[in-house]
Amino acid sequence: MVATSCLETYYGSFAHPALPISNARPPKQRFGTDNGGAAKGKSTPISGTPFRGISRRVSNDDSAAEAPPSQIESIVANAKSISTSMGKKIDLTDKTLRGKYLTAITAGLAVSLAMIPEAVSFSFVAGVNPLVGLWTTVVLGFFAALFGGRAGIQSSASGACSVVVAALCASHGSGYLAGCAALSGLLQITSGALGVGKLIRLVPHPVMVGFVNGLAVVMLKAQLGHFKGAGGAFLSLLSPEGKATYGCALLTMALVRYGIPALQEKVESAKAVPPTLGGVVIATSIARFLKWPVTTLADAAGAETFRGGLSTLPKIGLPASFWTPFQNAPLETLRIILPYAVTMAAVGSIESLLTLQLLDGIVDDGKRGSTKKEVIGQGIGNLASGLTGGIGGCALIGQSLISAQSGGGVSKLSGMAMSIFLALGIVAFAPLLGQIPVVSLAGVMLLVCQSTFSWGSLRLVGKIPNLDAFIIALVTYVTIKDDLAKAVLIGTITSALGFAWKQSTKISTTLSQTKLNPPSGPTLPNVKTYNINGPLFFGSTQSFSQLFRVKEDPDDVVIDFTQSRVYDHSALEAINSICDRYGSIGKRVYLRRLSSECAKLLAKIHKGGLPPYEVIEVSPSDPVYDVADDE
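Quantities reported herein were computed from a predicted structural model and do not represent experimental measurements.

A. Region of the structure containing the overall build of the protein. Assigned secondary structure in the protein consists of 23 helices and 11 strands. Within the protein, the fraction of its 631 residues that count as buried is 51%. Once local pairs closer than 6 in sequence are excluded, the contacts in the protein between residues at least 24 apart make up 81%. Accessible surface for the protein amounts to roughly 27,700 Å². Of this, 61% is attributable to carbon and sulfur atoms.

B. Molecular detail of the packing of aromatic side chains. Applying the stated criterion across every chain yields a total of 12 aromatic pairs. Ring geometry for Tyr-176 and Phe-322: centres 5.5 Å apart, planes at 85°, overall edge-to-face. Within this pair, whereas Tyr-176 is found in helix α6 (residues 175-193), its partner Phe-322 is found in helix α11 (residues 320-328), the two being separated by 146 residues in sequence. Overall, Tyr-176 belongs to the buried group, its relative accessible area being 8%. A residue is classified by how much of its surface remains accessible, and Phe-322, at 3% relative accessible area, is buried. Ring centres 6.5 Å apart and planes at 90° place the aromatic pair Phe-548 and Tyr-582 in the edge-to-face group. Taken as a pair, Phe-548 in the loop between α21 (541-545) and β9 (556-566) and Tyr-582 in helix α22 (residues 569-584) lie far apart in primary sequence, 34 residues in all. Note on accessibility: Phe-548 and Tyr-582 belong to one class, buried. Put simply, the rings of Tyr-530, Phe-544, Phe-548, Phe-561 and Tyr-582 touch in pairs and so form one group of aromatic residues.

C. The pattern of salt bridges, seen in detail. Enumeration according to the criterion identifies six salt bridges in this entry. The salt bridge involving Asp-553 is made with Lys-528; its shortest N-O contact spans 2.5 Å. Of this pair, Asp-553 sits in the loop between α21 and β9 while Lys-528 is found in strand β8 (residues 524-536), placing the two residues 25 residues apart along the sequence. When the shortest N-O distance is used, the salt bridge between Arg-592 and Asp-560 registers 3.6 Å. Residue Arg-592 is found in strand β10 (residues 588-592), and its partner Asp-560 is found in strand β9; the two are separated by 32 residues along the sequence. Of the two residues examined, Arg-592 and Asp-560, each falls in the buried class. Salt bridges here are not isolated pairs; linked through shared partners, they connect Arg-150, Asp-360 and Arg-368.

D. Molecular detail of the sheet that holds β10. With respect to topology, five strands assemble into an open sheet ordered β7-β8-β9-β10-β11, the strand pairing being mixed. Looking at the sheet topology across the chains shown, the edges are occupied by β7 (508-516) and β11 (613-616). Taken pair by pair, the neighbouring strands of this sheet meet at an average axis angle of 30°, ignoring direction. In this sheet, β9 lies alongside β8 in parallel orientation, the contact comprising eight bridges.

E. Highlighting the confidence of the model for the protein. Summing up the model confidence of the protein, the mean pLDDT is 79 and the portion of residues at 70 or higher is 81%. With pLDDT under 50 throughout, residues 1-97 is counted as low confidence; its partners more than four residues away or in other chains account for 210 contacts.

F. Quick look at the pairing of β10. Within β10, four of the five residues are buried, which leaves it mostly tucked inside the rest of the structure. Pairing geometry for β9 and β10, over five bridges, is parallel. For Val-557, the partnering residue across the bridge sits in β10 and is Val-589. With α22 bridging β9 and its parallel neighbour β10, the resulting β-α-β unit is right-handed.

G. Fine view of the nonpolar core. Residues Ile-116, Phe-211, Phe-306 and Leu-354 are the most contacted members of the largest nonpolar core, which totals 64 residues. Ranked by the residues each element gives to this core, the list is headed by helix α3 (residues 100-126), at nine residues. Beyond its immediate sequence surroundings of up to four residues, Leu-354 is in contact with Ile-200, Val-203, Met-208, Phe-211, Leu-484 and Val-488. Formed by 25 residues, the second largest nonpolar core is a distinct cluster that contains Ile-507, Tyr-530, Ile-575 and Ile-578.

Reading the values: rules and limits
Residues numbered from 1 in each chain as written. Predicted model: local features only at pLDDT ≥ 70, side-chain atom pairs only at ≥ 80, totals over all residues. Heavy atoms only, no water. Helix = DSSP H or I, 4+ residues; strand = E, 2+ residues; numbered from the N terminus. Buried < 20%, exposed > 50% of the residue type's maximum accessible area, 1.4 Å probe, protein only. Contact = heavy atoms within 4.5 Å. Areas by Shrake-Rupley, 256 points an atom, 1.4 Å probe, with all protein chains shown as cover. Phe/Tyr/Trp six-rings, centres within 6.5 Å; stacked < 30°, edge-to-face > 60°. Salt bridge = Lys/Arg side-chain N within 4 Å of Asp/Glu carboxyl O. Pairing = 2+ DSSP bridges. Axes fitted to C-alpha atoms, helices over the stretch in contact; angles between N-to-C directions. pLDDT = per-residue confidence, 0-100. Right-handed = clockwise from strand over helix to strand, strands pointing away. Core = buried A, V, L, I, M, F, W, Y, C linked by side-chain atoms within 4.5 Å.

Structure, rendered in structure tokens:
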């Protein structure tokens, strides 16, 4: 039998809080299959027709039972249930998928347009010039894609990271943000090299669902701001500005969802243009031709941001406003930026790793993303961003989904192409980019919000364990109200505690009579035996101690662990304590079917003294496992 660490077995199962240690059923089959093993059902794509080969399978059997999230074995294997619009994986073995690299490059062009309003908005949140956010997206996006762990991930200045450093910018100026981003990158590189990214495996499925739901709401709130006037109220449908704003957004959404995909079905060459890119270009052209009174990117960020030219290029090196005080008082400067850098590194790593997990289940390229490479890639990107005066950031799930929809999951070129096209746009085509209506890009993001939200989770209320439903709601709320890192941490801890509590109630015993042949004495007929059932760990030790009737029991007692597992030091102490209780009144305990590791650790507790128990029936069939103990 292969030895398995109890620490791995026990804590690893925290990722599935509703699954008991034993008797766990495999997930039910979600769809019927034909003879070839393919899922049967009607294909319902986001856009009316598949986005570059992406569609959603819907079962024709309304009575087909869905496996609740509590039975989900893997976030990656069930990413289709998280993003309902991304149900069908991209089949890279399809010979009709022409030009792998051309597909990735055009996807990068589409995403570069969607990055502009986000980068500008996050710059305002952080309190810096919009150009800083745009160049952060260029530098971070390029290096994170080049050194990252999965193709298709798009990185940029992000809202989660901008909120973290906003207070630092307000108190010490924008120069300190560059130093903070560089330090955050170094922390991420270090943690990635140490393999900290693997901890993302402990994130349970309900936490993942709550994360994407909360993120969808956060993205929705950010887009709604583009439909408000100067007073903060939504534009009236009767006003010229309101008609133009809502009309431009609806036009873009209709083109992306229906118009461009319908054209691609009839015109083969049109398939080279992602629907998002085509929709934005057509909507912008119509708005310009009809002179709609809509807010453009130049209006939102200022004409100076889109003036173009080589003068807009960022300077290499940390800003003097940070470098000078760092040279004069390095420890004091580090003391100021370190808390922000640690928080930023944690938030950025978590959001990037969750994005990687989601894309792993969407893009079928036969590969799994590397958490180690992704964290290191984000660190290199943030370090480079800081050294060019940027504010840092992380992977964006919305833009990454746009990349996947456009076929960008086939190559890392999609992320690098996004950065290159955005850089060219800032330098050479800035005035042209500045004419794009903000609401046109907002319309694309509204479609992303719709596809990101796990609508299926609403139907699971009452069908899944109450704890799982509570965790989904809790993580969604905290993500909206505070930040992603706090939401994931709270959700994971709540899930772990709920799992530990549930497992702590499973310890029980059945009584029997056993014929005993102890090595140190004569045969004992009809010895009272406690047959322990369930896991013995810190959460179940109190219940374990209450199973025994020490004073009423005979002089010889057997405790059989055949149907139990001893997981940690608390469990060992509980066993030793109950044996001491028997020994204090002159009774003898015989321990059966403990692992050799448990026996060794119990012997060390007495440090050479005579224990009031004896381990019996050592045989090759005894369980082999380790105990989570410092010894």
